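Next come the chains, spelled out residue by residue.
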Amino acid sequence: MARCGNRLLLAAAVLFLGISGAAAEDAQVNTIQDIFRHLRTCWKPPPPAKARSIDITVVVSFNRSGNILGHPRITYESAEASDNDRLQYRIAVMEALQRCTPMPFTDAMAGAAAGRPFAIQFRNRKTSPPTQERPA
């Protein structure tokens, strides 16, 4: 049971990384936060013309060498998502995982992460521009 909870945690983290950043791509992964940062660099949500923005969570495990262990499993998708939205986001998640593996684990992280499930949340929410306060 604890093993499944750990996988969900990792998967949620991967999906949460929805923003890309090239700096983490070459860095070694030494912490759980690094896993999420690394995955964020690989996430490319579908363009708005292909699918509406949704949240999606995948559970994934890695082996010591940083490759995906078993099959990633989608555990959550926004309720309002259409079948097309779900398909497009599932494809985008799997492509992100392919781009980011093998995960460049340090020796210590390889031992700590191997076989543990991670729940990773991918989000593609548009944020509204900050409001500007007017002087009274």
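Residues numbered from 1 in each chain as written. Predicted model: local features only at pLDDT ≥ 70, side-chain atom pairs only at ≥ 80, totals over all residues. Heavy atoms only, no water.

Peer 1: A description of unusual backbone geometry should follow, citing residues and the corresponding values.
Peer 2: Residue Pro102 follows Thr101 across a cis peptide bond; omega there is 5 degrees. Looking at the element boundaries, Pro102 is found in the loop between helix H3 (83–100) and helix H4 (107–113). (Helix = DSSP H or I, 4+ residues; strand = E, 2+ residues; numbered from the N terminus.)

Peer 1: Go over the environment of Asp85 with me, naming the residues and quoting the values.
Peer 2: Structurally, Asp85 is set in helix H3. Sequence spacing of Asp85 and Ser53 is 32 residues, and the spatial spacing of their C-alpha atoms is 7.8 Å. When sequence neighbours within four positions are dropped, the list of residues in contact with Asp85 reads Ala51, Arg52 and Ile54. Of note is the side chain of Asp85, whose polar atom sits 2.8 Å from the side chain of Arg52. (Contact = heavy atoms within 4.5 Å. Polar contact = N/O pair within 3.5 Å; in protein donor to acceptor, adjacent residues only side chain to side chain.)

Peer 1: Quick one: what's the story with the pattern of salt bridges, residue by residue and with numbers?
Peer 2: If the charged atoms of two oppositely charged side chains come close together, the side chains can form a pair. This model, assessed by the stated rule, comprises 4 salt bridges. The salt bridge partner of Asp34 is Arg37, with a shortest N-O separation of 2.6 Å. Placement of both Asp34 and Arg37 in helix H2 (residues 32–40) is noted, with a separation of 3 residues, approximately one turn of the helix. What makes Arg37 partly exposed here is its relative accessible area of 35%. Across the salt bridge formed by Asp85 and Arg52, the nearest N and O atoms sit 2.8 Å from each other. Residue Asp85 is located in helix H3, and its partner Arg52 is located in the loop between H2 and strand E1 (56–62); the two are separated by 33 residues in the primary sequence. For Asp85, a relative accessible area of 3% translates into the label buried. (Salt bridge = Lys/Arg side-chain N within 4 Å of Asp/Glu carboxyl O. Buried < 20%, exposed > 50% of the residue type's maximum accessible area, 1.4 Å probe, protein only.)

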